[in-house]
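# Examination of the molecular architecture
Listed below, chain by chain, are the residues.
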Amino acid sequence: AFGSIVAAVHQGRIIFGNIRKSVMFMLCTNAAEVIAVAAAAVAGSFLALPIPLLPLQILYLNVITDVFPALALSMGAGEPDLMKRAPRPRGEAVLTQGHWRAVGGWSLLLAICVLGSLTVAFHLLGFETDRAVTVSFLTLAFGKLWFVNNLRSPDSGRLVNEITRNPYLLGSVVLCAALLAAAVYLPGLSDLLSTAPPGPIGWLLIAGVSLVPFLWGLVVRRSPGPSAG
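A brief structural summary. Just so you know, these numbers come straight off a predicted model, no measurement behind them.

Cut-offs and rules
- Residues numbered from 1 in each chain as written.
- Predicted model: local features only at pLDDT ≥ 70, side-chain atom pairs only at ≥ 80, totals over all residues.
- Heavy atoms only, no water.
- Helix = DSSP H or I, 4+ residues; strand = E, 2+ residues; numbered from the N terminus.
- Rg over C-alpha atoms; globule rule 2.2 N^0.38 Å.
- Buried < 20%, exposed > 50% of the residue type's maximum accessible area, 1.4 Å probe, protein only.
- Contact = heavy atoms within 4.5 Å.
- Areas by Shrake-Rupley, 256 points an atom, 1.4 Å probe, with all protein chains shown as cover.
- Lys, Arg positive; Asp, Glu negative; His and termini not counted.
- Charge placed at Lys NZ, Arg CZ, Asp CG, Glu CD.
- Axes fitted to C-alpha atoms, helices over the stretch in contact; angles between N-to-C directions.
- Parallel < 35°, antiparallel > 145°, perpendicular 65-115°, else oblique.
- Nonpolar A, V, L, I, M, F, W, Y, C, P; charged D, E, K, R; others polar.
- Arc of directions from axis to C-beta.

Counting secondary structure elements, the protein contains eight helices and zero strands. Going residue by residue from the N terminus, the α and β elements of the protein occur as α-α-α-α-α-α-α-α. Expected size for 229 residues packed as a compact globule is a radius of gyration near 17 Å; at 19 Å, the protein falls within 12% of this value. Looking at the protein residue by residue over its 229 residues, the buried ones come to 46%. Of the contacts made within the protein by residues no fewer than 6 positions apart, 83% connect residues no fewer than 24 positions apart. Accessible area for the protein stands at about 11,000 Å²; split by element, carbon and sulfur atoms hold 74% of it. Counting 15 positive and 10 negative side-chain charges, the protein places the centres of these two groups 14 Å from one another.

This part covers the packing of helix H4 (residues 129-147) against helix H5 (residues 167-185). Closest axis-to-axis distance for the H4/H5 pair is 10 Å, and the angle between their directions is 175°. Considering the angle they form, H4 stands roughly antiparallel to H5. The residues of H5 that touch H4, namely those facing Thr134, Phe137, Leu138, Ala141, Phe142, Leu145 and Trp146, are Val173, Cys176, Ala177, Leu180, Ala183 and Val184. Classifying every residue of the contact of H4 with H5 by side-chain character gives 12 nonpolar, one polar and no charged.

What follows covers helix H8 (residues 212-219). Of all the positions in H8, only Pro213, Phe214, Gly217 and Leu218 are classed as buried. Viewed along the axis of H8, the buried residues span an arc of 145°, placing them on a single side of the element. Where H8 is buried, its residues meet helix H3 (97-124), H4 and helix H7 (199-210).

Next up on the list: unusual backbone geometry. Although it is not a glycine, Ser194 adopts a positive phi angle of roughly 60°. Counting through the fold element by element, Ser194 comes out in the loop between helix H6 (189-193) and H7. Assessed through its relative accessible area of 28%, Ser194 is described here as partly exposed.

Right, here's the structure in full:
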């Protein structure tokens, strides 16, 4: 009987942590979409920037890069030292004040990356509108996928942790990457989404800028933020 109680507590902590990770992922990445589009709409007339995401592109991202990683996060096995931690305070919300501050910070950083890649592609590299918007679309999409590693426990490893050990999450990242490539190179789908091949320089820009939140997450991993703990 005592063993059953311990197992139930263990599973309860895993479920709570997974819910927290999924909610953080959805809030951070979707708020970034809103901030990027709103900022571009307000400043577009001054900076001569197109909107970084088209309506169907936002819908595609919400179906692909939101659903699969969030579901995979909900299936995580939890941290090995989960039962060694002190119990949460009674009545603690799924998201504490620290988590809400992290939502604001991470979503702002993601939005800046999206607008930055759009600005570089459109103004510095001289990409036409469809190609430049594709760069910002893919920057956000891959930024979301790399961002999941920032949801690990602050006490876990930077690259080897409960996130990277989750086979469902790794599978979802591979699946999403394939579907994003299809969004650009699959005839019919690319026409529907108004995407254009970014080219080698465009892909280098996407890779570099989309990794910024991930790399910053490696630096601030022990600071209060979007962990499940």
